[in-house]
Amino acid sequence: MLIEQVVHARVLGGAGPQSLHLDGGRMVDGSTRPSAGGACLDANGRLVLPAFVDAHVHLDKAFLLDAAGSCAPTLDAAIRGVGELRGSVPLRDLAKNAERAVDLLVRNGVTAARVHVEIDPAVGLDLVNLHQELAARFVDRLELQLVAFPQRGFDLPRMQEMTAQAMAEGMAVVGGAPYVDADPRRHLEIVFALAEKYGAPLDLHFDFSDDPHCSLIRLLAERVCALGMQGRVTIGHVTTLAAMPVIDQAHAFELLARAGIALVVLPATDLYLGGHGEPGTRSLAPLERARAAGVHAAIANNNILNPFAPFGNGNLLQAAWLAAITRRANDPNVRRLFLEAITTEPAAILGIREHGPKVGACAHLAIVDAVRAEEVVAMAPPVLATIRSGRLVHSLSGLGLS
Ligand SMILES: [Zn+2]
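None of these values were measured; they are calculated from a predicted model.

At the metal site, the zinc ion is ligated by His 56 (NE2), His 58 (NE2), His 205 (NE2) and Asn 302 (OD1), and these contacts range over 2.0 to 2.3 Å. Its 4 donor atoms give the zinc ion angles of 86 to 171° at the centre, a pattern that matches the irregular case. All donor residues of the zinc ion come from one chain, and their arrangement in sequence is H-x1-H-x146-H-x96-N. Within this pair, whereas His 205 is found in strand β10 (residues 202-206), its partner Asn 302 is found in the loop between β13 (297-299) and α12 (316-326), the two being separated by 97 residues in sequence. This pair shows no difference in class: His 205 is buried, exactly as Asn 302 is.

With that settled, consider the sheet that holds strand β7 (residues 110-118). Taken together, 8 strands build an open sheet; the order of strands is β6-β7-β8-β9-β10-β11-β12-β13 and the sheet is parallel. For this open sheet the edge positions go to β6 (52-57) and β13, each flanked by a neighbour on one side alone. Shown here is a sheet whose adjacent strand axes are inclined to one another by a mean of 25°, direction ignored.

Looking now at the pairing of strand β11 (residues 233-237). Counting buried positions over the 5 residues of β11 gives 5, a clear majority of the element. Bridge analysis of β10 against β11 gives 5 bridges, and the strand direction is parallel. By the bridge assignment for β11, Phe 206 is matched with His 237. The β-α-β motif built from β10, the intervening helix α7 (residues 217-226) and the parallel element β11 has right-handed crossover chirality. Of the pairings in the sheet, the one linking β11 to strand β12 (residues 261-265) comprises 4 bridges and is parallel in character.

What follows concerns the environment of Leu 384. Here Leu 384 is to be found in strand β15 (residues 383-388). Along the chain, Leu 384 and Ala 243 lie 141 residues apart, while their C-alpha atoms are 38 Å from each other. Setting aside chain neighbours within four positions, we find Leu 384 in contact with Arg 46, Ile 367, Val 368, Asp 369, His 394, Ser 395, Leu 396 and Leu 399.

With that settled, consider helix α9 (residues 246-259). Here α9 is 14 residues long and its end C-alpha atoms lie 20 Å apart, about the 20 Å a rise of 1.5 Å per residue gives. All buried positions along α9 are accounted for by Gln 249, Ala 252, Phe 253, Leu 255, Leu 256 and Ala 259. End-on, the buried residues of α9 take up no more than an arc of 160°, which puts them together on one face. Opposite the packed face of α9, turned more than 90 degrees from it, sit the exposed residues Val 246, Ile 247 and Arg 258. In this fold, the buried residues of α9 make contact with α7, β11, α8 (240-243), β12 and α11 (287-292). Gly 260, located one to two residues past α9, shows a positive phi value of around 60°.

Criteria and cut-off values
- Residues numbered from 1 in each chain as written.
- Predicted model: local features only at pLDDT ≥ 70, side-chain atom pairs only at ≥ 80, totals over all residues.
- Heavy atoms only, no water.
- Donors = N, O, S within 2.8 Å, 3.2 Å for Na, K, Ca; no water.
- Tetrahedral: all angles 85-135°; square planar, octahedral: opposite > 155°, others 65-115°.
- Helix = DSSP H or I, 4+ residues; strand = E, 2+ residues; numbered from the N terminus.
- Buried < 20%, exposed > 50% of the residue type's maximum accessible area, 1.4 Å probe, protein only.
- Pairing = 2+ DSSP bridges.
- Axes fitted to C-alpha atoms, helices over the stretch in contact; angles between N-to-C directions.
- Right-handed = clockwise from strand over helix to strand, strands pointing away.
- Contact = heavy atoms within 4.5 Å.
- Expected span 1.5 Å × (residues − 1).
- Arc of directions from axis to C-beta.

Listed below in structure tokens is the structure:
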């Protein structure tokens, strides 16, 4: 349903409830006459935010918890557990699970997501085809930006060729996970070569360890600068940052900022699988310090109910809430960074044009059951409505429509 006006809406930094005007998928001022008729939505004085953007999610292993059975809470066990399922869980079941995950994201206010799609010898490019079909079918509700992701690395047969083929077939981003291969440096060489060949950005699962001594941040930053790829590389997890002394952390952030490398933290997985060291850490990279150093930083879902994250519901507000607790974000100004980490920051990482309740921006909006900005990350309130390109794609009953 097309929306032309949202009334009684509060916006961040606004004085009080106001009317928002939409036309042709964009926010306009009240003097613009809508080019097509649309409905009026009553926000009942609740906050209207830029819609949420999930910078890192896996749809092809969502809801595999039962199939995987009991699995130890370690990265190796999770990779092995899900890897063993590849080729045995029917594609139609994976498709059904992925659709359920998409639906959850939309109902949680997400209008765009970067999706890591597994390339694996057991399934070839089947999951690539599955996601391309999904992206086309759901384009009105959720924009999917697809990453070719060699989850089990290039030591397995034909992985390099298959990942290249996935890129040739239209995947938008080259993925990787250097830590899964015996030689992480070779892994990096391969993914950089693919990124160069296809002119694509890179998004790596990176430094997922409790041991800061195995960090590859310096190597990566130097390579990004040498190849002129500043602003085109994103790294996820990076739990080594949580285990580093603060002075080393500051140096690492300096390297990331200089190389324009963005950071994505994945609280449900990072906290569940990480932090096994002695002494234990909270195993979540300090994204507020990353921002202070000038690094783009987002919070994302990663996984929904599988051995990588047996807890989760596709709710980015809840992920931000969990991250804020873990980082002891007691300052409202810092908590605001956690809200940006699920809205404007991931949008910048995905290269999405400005969106939100601001004249001239794309009309991708999330209405949440909160009235003050300070409540959003603190409460993780329910999402009352999701609007994508001016269309209502989710609403809870109780919101007035006319
Ligand atoms: Zn991931």
